[in-house]
Amino acid sequence: EKKKPVPLHTLSGEALGNDERKMLERERKEYLVAPFISLPDRKAFLSLIYVAGPIFFVMIGKLIEFWAMTIRAGNYGMVAMACHNVLMRLFFFFGTFGDGLAQAAQT
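Basis of the calculations
Residues numbered from 1 in each chain as written. Predicted model: local features only at pLDDT ≥ 70, side-chain atom pairs only at ≥ 80, totals over all residues. Heavy atoms only, no water. Helix = DSSP H or I, 4+ residues; strand = E, 2+ residues; numbered from the N terminus. Buried < 20%, exposed > 50% of the residue type's maximum accessible area, 1.4 Å probe, protein only. Areas by Shrake-Rupley, 256 points an atom, 1.4 Å probe, with all protein chains shown as cover. pLDDT = per-residue confidence, 0-100. Patch = residues over 30% accessible without salt bridge, like charges linked within 9 Å, V, L, I, M, F, W, Y side chains within 5 Å. Salt bridge = Lys/Arg side-chain N within 4 Å of Asp/Glu carboxyl O. Expected span 1.5 Å × (residues − 1). Bend = angle between axes of the 7 residues up to and from the residue. Contact = heavy atoms within 4.5 Å. Phe/Tyr/Trp six-rings, centres within 6.5 Å; stacked < 30°, edge-to-face > 60°. Axes fitted to C-alpha atoms, helices over the stretch in contact; angles between N-to-C directions. Parallel < 35°, antiparallel > 145°, perpendicular 65-115°, else oblique. Left-handed = near helix turned anticlockwise from the far one by under 90°. Nonpolar A, V, L, I, M, F, W, Y, C, P; charged D, E, K, R; others polar.

## Some points on the overall build of the chain
A count of helices and strands for the chain gives four helices and zero strands. Taking all 107 residues of the chain together, 7% fall into the buried category. Summed over its atoms, the accessible surface of the chain is roughly 10100 Å², and 69% of this surface lies on carbon and sulfur atoms.

## Brief notes about the confidence of the model for the chain
The share of residues in the chain with pLDDT of 70 or more is 66%, and the mean pLDDT across the chain is 78. Ranking the elements of the chain by mean pLDDT puts helix H1 (residues 8-16) last, at 52, and helix H3 (residues 42-74) first, at 90.

## A few points about a nonpolar patch on the surface
Among the surface-exposed residues, Phe 56, Phe 57, Ile 60, Leu 63, Ile 64, Trp 67 and Ile 71 lie close enough to one another that they form a single nonpolar patch of about 780 Å² accessible area. Mapped onto the fold, Trp 67 is located in helix H3. Judged by its relative accessible area of 58%, Trp 67 is exposed.

## A closer look at H3
Taking 1.5 Å as the rise per residue, H3 with 33 residues should run 48 Å; its terminal C-alpha atoms sit 45 Å apart, in good agreement. Helix geometry: H3 is bent most strongly at Ala 52, by close to 45°, with proline Pro 54 lying one to four residues after it. Those residues of H3 that sit buried are Gly 53, Phe 66 and Ala 73. Structurally, H3 contributes buried residues whose contacts are with helix H4 (78-106).

## Things to note about the packing of aromatic side chains
If you walk through the whole model with that rule in mind, you get five aromatic pairs. With centroids separated by 5.2 Å and ring planes inclined at 85°, the aromatic side chains of Phe 66 and Phe 92 adopt a geometry described as edge-to-face. Placement of Phe 66 in helix H3 and of Phe 92 in helix H4 is noted, with a sequence separation of 26 residues between them. Here Phe 91 and Phe 92 contribute two aromatic rings whose centre-to-centre distance is 5.6 Å and whose plane-to-plane angle is 55°, an arrangement assigned as tilted. Here Phe 91 falls in the partly exposed class, since its relative accessible area comes to 43%.

## Digging into the packing of H3 against H4
Close contact between H3 and H4 brings their axes to 12 Å; oriented N to C, the two are set at 165°. In terms of orientation, H3 and H4 fall into the roughly antiparallel class. As H3 packs across H4, the resulting crossing turns out to be right-handed. Residues Ile 55, Val 58, Met 59, Lys 62, Phe 66, Met 69, Thr 70, Ala 73 and Gly 74 of H3 form the contact with H4, whose participating residues are Ala 80, Met 81, His 84, Met 88, Phe 91, Phe 92, Asp 99, Gln 103 and Gln 106. Looking at side-chain class alone, the contact of H3 with H4 contains eleven nonpolar, five polar and two charged residues.

## A word on H4
Bending of H4 peaks at approximately 55° at the position of Gly 95. Within the span of H4, buried status applies to His 84, Met 88, Gly 95 and Gln 103.

## Structural notes on the environment of Pro 54
Position of Pro 54 relative to the elements: it lies in helix H3. Judged by relative accessible area, which is 46%, Pro 54 ranks as partly exposed. A C-alpha to C-alpha distance of 9.5 Å links Pro 54 and Gln 103, two positions 49 residues apart in sequence.

In structure tokens:
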């Protein structure tokens with residue numbers, strides 16, 4: 001005869017006692033009520049824009065530049081596009097640290 005698995009809540013109730021189990025369930029419910037996303041107040045948001053605004057436009061500029069280079073390399077054929085892809089992967093691999101350092105130095 002095969003035994004049925006015992007539900008976890010009965011095991012925790014037997015191991016801890018009902019008072020402790022109720023306290024843990026209450027703490028868990030209070031934790032779940034907390035919002036996952038909260039919006040900053042106006043002053044904090046403006047300070048974030050002040051710091052992150054220039055970096056946002058630098059990143060958008062780089063994105064447009066990389067996109068334009070990829071389109072231009074694609075016009076020269078498959079071999080040129082493959083070479084461009086290899087060089088871009090090398091740049092993104094080795095240039096990540098220097099790029100972050102340069103952005104930190106600018107702000």
